[in-house]
2 protein chains.
Amino acid sequence: MAITYKDATIQEVNDAMQSSWNAFKEYRKKDLKERAQFLKTVAREMQDVSAELISTASRETNLDEARLTVEFNRTVFQLTSYADACANGTWLDIRIDTGDSKRNPPKPDLRKMLVPLGPVVVFGSSNFPFAYSTAGGDTACALAAGCPVVIKAHPAHAETSELVANAVQRAAKKCGLPEGVFIHLHGASFEVGKALVQHPLTKAVGFTGSFEGGKALFDLANGREEPIPVFSEMGSVNPVFMLPAKLKSDAATIATMYADSITQSVGQFCTNPGILVGVEDYSLEQFKKFLGKQIQKVRPAKMLHPGIAKSFVQKREKALAQKSVAVAATTEFEPDENESIPTLAEVPAKEFLKNTLLHKEVFGPFSLLVKCSDVNEMTQVANAIEGQLTCSLIATNDEVKANPKLVEILKDKCGRFVLNGVPTGVEVALSMHHGGPYPATTDSRFTAVGADGIKRFARPVCFQNWSNELLPDELKNENPLNLWRTVNNELSKDPVI
Amino acid sequence: MAITYKDATIQEVNDAMQSSWNAFKEYRKKDLKERAQFLKTVAREMQDVSAELISTASRETNLDEARLTVEFNRTVFQLTSYADACANGTWLDIRIDTGDSKRNPPKPDLRKMLVPLGPVVVFGSSNFPFAYSTAGGDTACALAAGCPVVIKAHPAHAETSELVANAVQRAAKKCGLPEGVFIHLHGASFEVGKALVQHPLTKAVGFTGSFEGGKALFDLANGREEPIPVFSEMGSVNPVFMLPAKLKSDAATIATMYADSITQSVGQFCTNPGILVGVEDYSLEQFKKFLGKQIQKVRPAKMLHPGIAKSFVQKREKALAQKSVAVAATTEFEPDENESIPTLAEVPAKEFLKNTLLHKEVFGPFSLLVKCSDVNEMTQVANAIEGQLTCSLIATNDEVKANPKLVEILKDKCGRFVLNGVPTGVEVALSMHHGGPYPATTDSRFTAVGADGIKRFARPVCFQNWSNELLPDELKNENPLNLWRTVNNELSKDPVI
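All figures in this text were calculated on a predicted structure; none of them were measured in a lab.

Asks: Looking at this model, I keep getting lost on unusual backbone geometry. Mind explaining?
Replies: Glycine aside, residues mostly have negative phi, and peptide bonds are mostly found in the trans state. With an omega dihedral of 5 degrees, the bond running from Y438 of chain A to P439 of chain A counts as a cis peptide bond. Counting through the fold element by element, P439 of chain A comes out in the loop between β14 (414-419) and β15 (458-464). For the bond running from N104 of chain B to P105 of chain B, omega is -5 degrees, close enough to zero to count as cis. Mapped onto the elements of the fold, P105 of chain B is located in the loop between β1 (95-97) and β2 (110-116). Its identity as a non-glycine residue notwithstanding, N479 of chain A has a phi of 50 degrees, on the positive side. Residue position: N479 of chain A is located in the loop between β15 and β16 (485-487).

Right, here's the structure in full:
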C-alpha cells in the first residue's frame with residue numbers, strides 16, 4: 001500500500017524557509033572538512049538502509065532493483081566524491097593579489113573566495129529517485145557549497161523520498177548540525193513549489209524534470225522582487241549524427257549499442273537518444289533493419305508513473321501522426337496499461353526540417369530516424385535543432401576532419417559531445433558537463449553532474465585590506481588548509497610572503 | 001559642436017547581429033594568443049589617438065582630463081591584462097578524466113573546457129566613457145572569451161564611442177579578423193537596445209548603468225523564446241559601517257578619506273559611499289563636523305549629462321524631504337545649471353529602518369549619515385539594506401572580533417568587503433570582485449572587473465571519447481599550449497600519459 005502524504009501548507013513552507021535561513025547562519029561556518037564529513041555520513045546512513053530504500057523505490061517507480069541498485073551506488077559515489085571535492089577546496093576559486101603601499105595610489109590587498117548563496121530549494125526528479133532527488137546531485141552540491149537544502153519530494157516516489165530524508169536528518173544529527181540544514185516537504189500540487197521558489201529567504205533553486213516544470217520555476221524566480229538563480233535541467237532529444245563511412249564499417253554493432261541506449265530504463269533517461277540522423281544509403285537501411293529487429297524484441301514495461309505513461313502515449317501518437325512519419329519498428333508484444341511501447345520511427349529530413357514538433361522529446365523508449373539525402377542536408381538538420389544536453393557523432397576520424405562545419409554546429413548545440421558512443425551513461429566526474437544551451441537547461445554555464453556543480457550555489461566575495469588574523473583560513477598568508485590558490489596570477493599552494 | 005548620430009534602424013540591428021554571428025564562426029577558431037594579440041592591438045590603436053579621445057570625452061561628459069586620463073590608462077591596462085589572462089588560459093577551467101576500458105561498464109575519456117557563448121551585446125555606461133563603455137571591461141572579456149561584440153554606444157558620449165570603435169575596427173583589420181567581430185551602433189531610444197537584446201542571434205548581454213535600465217534588459221532577455229544570460233551591474237549605495245573605537249582613534253583621517261571618496265568624479269562612481277552608519281557619540285559628532293567642513297569646500301561641478309543632473313536634484317530633494325532627514329552639510333558655493341550639490345545628510349537609524357526610500361542610491365555626491373543608538377541598532381541597519389557591490393567596515397581588529405554577527409551580515413550583502421578603506425577605487429585584478437547580490441547585479445556569481453569576468457561569456461563543453469588527434473589543442477594529451485589543467489582530479493601542466 002502506498003502511503004499518501006499531505007501537501008505542505010503555506011505556513012509550513014514559511015516555517016521551513018525560516019528554519020533553513022537560521023540553519024544557514026550556523027552551517028556556513030562549518031569548514032570544508034566538516035561539510036565533507038556530513039556528506040559522507042549521509043552516504044553511510046543511506047547505505048545502512050539500502051535494501052529498504054531500493055525495494056521502496058522499485059515499488060514506487062516500477063524500475064527494477066538491478067537498475068535502482070546501480071543508481072543507488074551512483075548516489076553514494078556522488079555524495080562521497082563531492083565530499084572529497086568539497087574538502088579539496090579547489091572549487092573555491094581563491095585568488096589573492098598582495099598589496100603595495102608604495103604604489104601611487106596604494107595598491108590594496110585583495111583576496112577572493114566563493115561563499116554559499118543561502119538556502120537552496122531542490123525539486124526531486126521522477127526518473128532518478130536517488131541520484132537526482134532527495135539526496136541527489138543538487139542536494140550534495142548545495143550542501144558542499146555551504147547552503148542548507150529544502151527539498152520538495154517528487155510525489156511519484158514520496159515514500160522513498162521520506163526514507164532518504166530520514167537518513168539525511170540522522171546524519172545531520174550525528175554531525176551536530178542544526179535541524180534546518182535539511183528540510184523535507186511534500187507537495188503534489190504546484191502551489192507548494194511556487195511558494196518555495198517565491199519565498200524571500202530562498203536564494204537558489206535546483207530542478208531536474210520536464211521543460212514545462214523547469215521553465216515555470218525559472219519564470220517564477222525571475223519574477224521575484226529579488227530574482228534568484230535557477231538551474232533547471234529540462235532534458236533533451238540528444239541527437240545522434242551518423243556519417244556514412246563509419247556506419248558502413250559497423251552498422252550491426254552501432255545498432256546494438258543504440259537499441260540498448262534507446263530502451264534502457266524504459267527510455268526514461270534525460271540523455272536518451274531521441275533522434276538518429278543518417279544519410280540514405282544501403283548501410284542506413286541495414287542499420288535500420290538491425291536496430292528495428294532489436295526494438296521488436298524489447299518487451300513493454302511499466303513507466304515511472306501513470307502521468308508519464310499517458311504523456312508518452314500521447315506524444316508518440318502525435319509524432320507518428322505527422323506528415324511522412326512512419327513506424328520503422330515497434331515491439332512485437334502487446335503493452336499493458338501504463339506500459340511503454342518501444343518504437344523506432346522514420347521521417348525524411350525534408351519533412352523534419354519543416355516540422356519543429358518532431359524536434360521535441362518524446363520521453364520514453366522512442367527514437368526518430370531522420371533520413372538525409374546527403375551530408376549537406378544533415379548539416380541543415382544540425383542547424384535546425386535546439387540546445388541539447390548531448391550531441392553524438394558516429395564517424396571515422398577522416399569523416400570528422402572532412403566535415404568541420406557539421407562538427408562545429410553540433411558542438412555549438414550541446415553540453416557534451418560524444419564520439420562513437422552513446423549519450424546515456426553520464427559519468428560522475430569533474431570533467432563531466434551535464435548541462436547545455438537552452439532549452440536543455442536554463443543556464444548553459446553550469447552543470448548538474450560533477451563537482452563543478454557546486455559552483456551553481458556559491459558566489460565570490462573579495463576581502464579588501466583585511467589583516468591576516470581576521471581573514472578566513474582559506475585566505476590566510478600561511479595557507480593553513482593547503483589549498484590551491486592563484487597568488488599574484490600564479491597557481492600555487494605556497495604561503496603568501 | 002556635438003555631432004548627432006541617427007539611431008540604428010531595426011534593419012541595421014538585424015544586419016549587425018547577422019554579421020556578428022557570421023564573424024563568430026571565424027573568430028571562435030582564433031587561438032588564445034591571437035585573441036590576446038587583438039586585445040593588445042586595440043589598446044595600441046587607442047593609445048595612438050589618446051589625446052583626441054580624452055579631449056572628446058571631456059567635452060561630452062564634463063569630466064576633467066586628469067580624471068579621464070586615469071580612466072583611459074585603466075582601460076588600456078584592462079585590455080592588456082585580460083589579454084595576458086586570455087593567453088594564459090587558466091580561465092578555460094580544463095578538466096580531464098582519462099578513460100578505463102577495463103572497468104565494467106567501460107569508463108569513457110572525458111575532457112572539458114570553456115567555449116564562447118556567441119555574439120555579446122554590450123551597453124556602454126554613462127559614467128565611464130572608456131573603462132565600461134565601447135572598448136571597456138565587458139567588451140574586453142567577451143572578445144577574450146572568443147565572442148564577437150555588438151556595442152550600443154551611450155548617447156551621452158556618442159562621439160567618443162565612435163572614435164573608440166574606429167580604433168577597435170582598425171585593430172581588427174590589422175589582425176586580419178572579420179569586420180563583424182566588433183560592431184558599433186548608436187541608439188538614444190530604448191527601442192534599439194530592446195531589438196538587440198531580443199534578437200535571436202544575441203547570446204549574452206553586458207550592461208553597466210541604472211537599476212531601471214539593467215532590470216529592463218534582464219526582463220527582456222528572460223522573456224525571449226531562448227532566454228540568455230544578462231550581466232547587469234546596476235550600482236549600489238555601498239554602505240560604510242563605522243564602529244566607535246576605530247572612529248574615536250581617527251575621526252579626522254577617516255573623514256578626509258571619505259570626503260574625497262564621496263565627491264570624487266562628481267560622486268559619479270558606482271562604488272560611491274552613499275550611506276555612512278555610526279553610533280551616536282562624541283566621535284561621530286566630530287566625524288560629522290570634519291566631513292561636513294570638507295563637503296562645504298567642494299565646488300559644484302557639471303554632471304555627466306543633463307538627465308543625470310536632473311535625476312540627482314530630484315532624488316536629493318526627495319531624500320531630504322523624508323521625515324527626520326536633515327542636511328548636515330552642503331557646498332557653500334552656488335551651483336550652476338546641471339551642476340552637482342555636494343551634500344551630507346543625516347537621519348536617526350529608527351527612521352532609516354522605517355523608510356526604504358532612504359536605502360536607495362542618490363547617484364552623485366550625496367551621502368546619508370545614519371545615526372544608531374548602539375551597535376545592536378547598527379546590526380539592524382545592516383540587516384535591512386539590499387544587496388550591494390561593496391560594504392565597508394571601519395573598525396579596530398578587536399571590534400571586528402567582538403562583532404561577528406554584524407561582520408557576517410555585511411559579508412552576506414556584498415561582493416567586496418572593505419576594511420578601513422573606501423569603496424571607490426576598483427582595482428583591476430584577478431582577485432577583484434565587482435559584483436554582488438541583487439539589486440547590485442543580476443547575478444551575484446559573476447564579476448564585471450578582473451579577468452574572471454571572461455567567464456560570463458563562456459560555457460563548458462565536454463568531449464567524450466574523442467581521439468587525441470581530433471581534440472582541440474587545449475585538451476590534447478601532450479598539452480601543447482602548456483596550460484594548467486585538472487587531470488584525474490590533480491592540477492598540473494604535465495602531459496596526459
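Asks: Help me understand the pattern of salt bridges, please; the structure alone is not making it clear to me.
Replies: As a working rule, side chains carrying opposite charge can pair if their charged atoms are close by. In total, this model carries 56 salt bridges over all chains according to the counting rule given. In this structure, the salt-bridge partner of R111 of chain A is D109 of chain A, at a minimum N-O distance of 2.7 Å. Since its relative accessible area comes to 5%, R111 of chain A is described here as buried. Each of R28 of chain A together with E408, K411 and D412 of chain B takes part in salt bridges that share partners, so that together they form one network.

Asks: What should I look at first to understand the interface of chain B and chain A in this one?
Replies: The figure often quoted for interface size is the accessible area lost as the parts come together. Across the contact, 69 residues belong to chain B and 70 residues belong to chain A. Of the roughly 6300 Å² buried between chain B and chain A on both sides combined, carbon and sulfur atoms contribute 54%. Linking chain B with chain A are 14 salt bridges, by the criterion used here. Among the ionic pairs, R95 of chain B bridges to D452 of chain A, the shortest N-O distance being 2.6 Å. Counting the contacts that link chain B with chain A gives 42 residue pairs in polar contact (both at pLDDT 80 or more).

Asks: How do you make sense of the pairing of strand β13 (residues 388-394) of chain A when you look at a structure like this?
Replies: Every other side chain in a regular strand lies on the same face of the sheet, so the side chains alternate between the two faces. Residues and elements named next belong to chain A. Of all seven residues that make up β13, seven are buried, and the element is covered over most of its length. Pairing geometry for strand β8 (residues 240-242) and β13, over three bridges, is parallel. Among the inter-strand pairings, M242 is bridged to a residue of β13, identified as I394. Note: β13 against β14, five bridges, orientation parallel. Its bridge partner lying in β14, C391 is registered against F417.

Asks: Help me understand the sheet that holds strand β4 (residues 149-152) of chain B in this model?
Replies: Pairing between sheet strands relies on hydrogen bonds along the backbone, with the strands arranged either parallel or antiparallel. Residue and element names in this part refer to chain B. Judged by pairing direction, the sheet is parallel, and its five strands sit side by side in the order β5-β4-β3-β6-β7 without closing on themselves. Only two strands of the sheet have a single partner each, and these edge strands are β5 (182-185) and β7 (230-233). In this sheet, adjacent strand axes meet at a mean angle of 15 degrees when their direction is disregarded. Bridge analysis of strand β3 (residues 120-123) against β4 gives four bridges, and the strand direction is parallel. For V122, the partnering residue across the bridge sits in β4 and is I151. Along the sheet, helix α5 (residues 137-145) contacts β3, β4, β5 and β6 (204-208); its crossing angle with β4, the most-contacted strand, is approximately 165 degrees.

Asks: Where do I start with the relation of the copies chain B and chain A in this structure?
Replies: Both copies of the chain are related through a single rotation about an axis accompanied by a shift along the same axis. Mapping chain B onto chain A is achieved by rotating through 180 degrees and translating by 0.0 Å along the same axis, at an RMSD of 0.0 Å. Each copy turns onto its partner about a two-fold axis. Within chain B, the C-alpha atom positioned nearest to the axis of rotation is that of N222 of chain B, 3.8 Å from it. Looking at the interface residues of chain B, 100% of them are also at the interface in chain A, so both copies use one shared face.

Asks: Which parts of the structure should I look at to understand helix α15 (residues 404-413) of chain A?
Replies: It helps to recall that an α-helix has 3.6 residues per turn; residues three or four apart then point in one direction. Most of α15 of chain A is tucked away, with seven of its ten residues classed as buried. Considered for burial, the residues of α15 of chain A that qualify are L406, V407, I409, L410, K411, D412 and K413 of chain A.

Asks: What should I look at first to understand the sheet that holds strand β3 (residues 120-123) of chain A in this one?
Replies: Residue and element names in this part refer to chain A. Here we have five strands laid out as an open sheet, ordered β5-β4-β3-β6-β7, and parallel in their pairing. Every other strand in the sheet has two partners, leaving β5 (182-185) and β7 (230-233) as the edge strands with one partner each. Pairs of neighbouring strands in the sheet enclose a mean axial angle of 15 degrees, with direction left out of account. Pairing of β3 with strand β6 (residues 204-208) involves four bridges; the strand directions are parallel. When the sheet's bridge partners are listed, V122 is paired in β6 with G206. Against the sheet, helix α1 (residues 10-27) engages β3, β4 (149-152) and β5, with an angle of about 170 degrees to β5.

Asks: Sorry, what's going on with the packing of aromatic side chains here?
Replies: Two measures describe an aromatic ring pair: the distance that separates the ring centres and the angle between the ring planes. Using the criterion set out here, one finds 22 aromatic pairs over all chains in the structure. Residues F463 of chain A and F417 of chain B carry aromatic rings whose centres are separated by 6.4 Å and whose planes lie at 40 degrees to one another, so their mutual orientation is tilted. Here F463 of chain A is found in strand β15, whereas its partner F417 of chain B is found in strand β14 (residues 414-419) on a different chain. Here F463 of chain B and W466 of chain B contribute two aromatic rings whose centre-to-centre distance is 5.6 Å and whose plane-to-plane angle is 85 degrees, an arrangement assigned as edge-to-face. Grouping aromatic residues by their ring pairs yields a cluster made of F128, Y132 and F269 of chain A. Lying over the aromatic face of F24 of chain B, R28 of chain B brings its terminal NZ or CZ to 4.4 Å of the ring centre. The positively charged end of R299 of chain B is found above the aromatic ring belonging to F333 of chain B, 4.0 Å away from the centroid.

Cut-offs applied
- Residues numbered from 1 in each chain as written.
- Chains lettered and ligands numbered in written order.
- Predicted model: local features only at pLDDT ≥ 70, side-chain atom pairs only at ≥ 80, totals over all residues.
- Heavy atoms only, no water.
- Helix = DSSP H or I, 4+ residues; strand = E, 2+ residues; numbered from the N terminus.
- Salt bridge = Lys/Arg side-chain N within 4 Å of Asp/Glu carboxyl O.
- Buried < 20%, exposed > 50% of the residue type's maximum accessible area, 1.4 Å probe, protein only.
- Contact = heavy atoms within 4.5 Å.
- Buried area = accessible area lost by both parts, 1.4 Å probe.
- Polar contact = N/O pair within 3.5 Å; in protein donor to acceptor, adjacent residues only side chain to side chain.
- Pairing = 2+ DSSP bridges.
- Axes fitted to C-alpha atoms, helices over the stretch in contact; angles between N-to-C directions.
- Least-squares fit on C-alpha atoms with pLDDT ≥ 70 in both.
- Phe/Tyr/Trp six-rings, centres within 6.5 Å; stacked < 30°, edge-to-face > 60°.
- Lys NZ or Arg CZ within 6 Å of the ring centre and 35° of its normal.

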